[in-house]
Amino acid sequence: MRKGNPKQIRDWGDLLGDGVEITTPNPKTGGGARWNYLAAWGYAMERELGDLAAIKDSAREGDVRAATEKAKEFIGALYQRVPVLDTSARAATNTFIQRNIGDVLLAWENEAFLALRELGTDQVELVVPSVSILAEPPVAVVAKNAKDHGKTEVANAYLEYLYSDIGQQIIAKNYYRPRRTEVVDPSVLSRFAEVKLFELSDLVSGWEEAQEVHFNDRTGIFDLVYQSKP
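Residues numbered from 1 in each chain as written. Predicted model: local features only at pLDDT ≥ 70, side-chain atom pairs only at ≥ 80, totals over all residues. Heavy atoms only, no water.

Peer 1: Got a minute to help me understand the pattern of salt bridges in this structure?
Peer 2: Enumeration over the complete set of coordinates arrives at 13 salt bridges. For Lys 144, the salt bridge is made with Asp 148, and the minimal N-O distance between the two is 2.9 Å. In this pair, Lys 144 and Asp 148 are both assigned in helix H5 (residues 143-148), four residues apart and thus about one turn of the helix distant. A residue is classified by how much of its surface remains accessible, and Lys 144, at 60% relative accessible area, is exposed. Given the relative accessible area of 51%, Asp 148 is considered exposed. (Salt bridge = Lys/Arg side-chain N within 4 Å of Asp/Glu carboxyl O. Helix = DSSP H or I, 4+ residues; strand = E, 2+ residues; numbered from the N terminus. Buried < 20%, exposed > 50% of the residue type's maximum accessible area, 1.4 Å probe, protein only.)

As structure tokens, then:
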């Protein structure tokens, strides 16, 4: 957010404060944008339920339905405050940094650090919410493609390198949270604030259900609440 945090944004709920404009990409077109959306959704659900485990508790179905309606209201109000719905996380970062649009940028943590690096701490600052979602983009070797191009060995080696001591150290130095924190210098790890994290599986069974419930054209929750934008 902008230096000095003039809108006093400390957590998700503060995004609905008077006059707050939010910069975040379109969850229909960007992977990072979907994580932003689901982080906000999870916050709203936990605020109502107290514990996301209640989503899987059949005895609390009534509570979950009520919480879902409140979460829809929260998501709808949040996206009403997005003046530019960019197609990707990087485009949203550019909108915030270069076009100076928005009071706060919802972004991957590494994108937030990039904004700090590009603009300097005299123009923007990083605020970590009380709760967010654990976002771990998968990595894999596509066996047939690698074999067809004669790259199986190098592809496997690269995948293994990502989780090596030096690979994890490079990852952390470039503002991504490492998986193996024990091999990273504590001075580098100290840049990452502590935050309570929930997982995608706490909200839905997986990405197939997330797509159906939240992001399907016309019938997904995002389309339903965003179409109601005045």
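Alright, that's what it looks like, and here's the rest.
Peer 1: I would appreciate a short explanation of the environment of Ala 146 in the present structure.
Peer 2: Structurally, Ala 146 is set in helix H5. It is 9.2 Å that separates the C-alpha atoms of Ala 146 and Asn 156, two residues lying ten residues apart in sequence. Look past the residues within four positions of Ala 146 in its chain and what remains in contact with it is Val 141, Lys 151, Thr 152 and Ala 155. (Contact = heavy atoms within 4.5 Å.)

Peer 1: Even after reading the chapter, I still don't get the packing of helix H1 (residues 31-49) against helix H9 (residues 207-215), so can you show me in this structure?
Peer 2: If you want to describe how two helices pack, look at the angle between their axes and the distance between the axes. At a minimum axis distance of 12 Å, the contact between H1 and H9 shows a crossing angle of 80°. Between H1 and H9, the angle is such that the two are roughly perpendicular. Taking contact as the criterion, the partners of Arg 34, Trp 35, Tyr 37, Leu 38 and Trp 41 in H1 are, on H9, Trp 207, Gln 211, His 214 and Phe 215. Its residues assigned to classes, the contact of H1 with H9 shows six nonpolar, two polar and one charged. (Axes fitted to C-alpha atoms, helices over the stretch in contact; angles between N-to-C directions. Parallel < 35°, antiparallel > 145°, perpendicular 65-115°, else oblique. Nonpolar A, V, L, I, M, F, W, Y, C, P; charged D, E, K, R; others polar.)

Peer 1: How should H1 be read in this particular structure?
Peer 2: For an α-helix, the turn length of 3.6 residues means that residues three or four places apart are oriented alike. When the terminal C-alpha atoms of H1 are compared, their 27 Å separation across 19 residues agrees well with the 27 Å that a helix rising 1.5 Å per residue should span. With 16 of its 19 residues buried, H1 lies for the most part within the structure. In the segment just after H1, Gly 50 is the residue with positive phi, at about 85°. (Expected span 1.5 Å × (residues − 1).)

Peer 1: I would appreciate a short explanation of the packing of aromatic side chains in the present structure.
Peer 2: Two aromatic rings, taken as a pair, are described by how far apart their centres are and by the angle between their planes. If you walk through the whole model with that rule in mind, you get eleven aromatic pairs. Here the aromatic rings of Tyr 37 and Phe 222 are separated by 6.2 Å at their centres, their planes lie at 80°, and the arrangement is edge-to-face. Here the residue Tyr 37 occupies a position in helix H1, and Phe 222 occupies one in helix H10 (residues 221-226), the gap between them amounting to 185 residues. For the pair formed by Tyr 37 and Phe 222, the shared burial category is buried. Summarising the aromatic geometry, the rings of Tyr 43 and Phe 74 are spaced 5.5 Å apart at their centres and angled 55° between planes, so their arrangement reads as tilted. Highlighted residues: Tyr 43 in helix H1 and Phe 74 in helix H2 (residues 61-79), separated in sequence by 31 residues. What makes Tyr 43 buried here is its relative accessible area of 12%. Positioned above the aromatic ring of Phe 96, the side-chain terminus of Arg 2 is 3.7 Å from the ring centre. (Phe/Tyr/Trp six-rings, centres within 6.5 Å; stacked < 30°, edge-to-face > 60°. Lys NZ or Arg CZ within 6 Å of the ring centre and 35° of its normal.)

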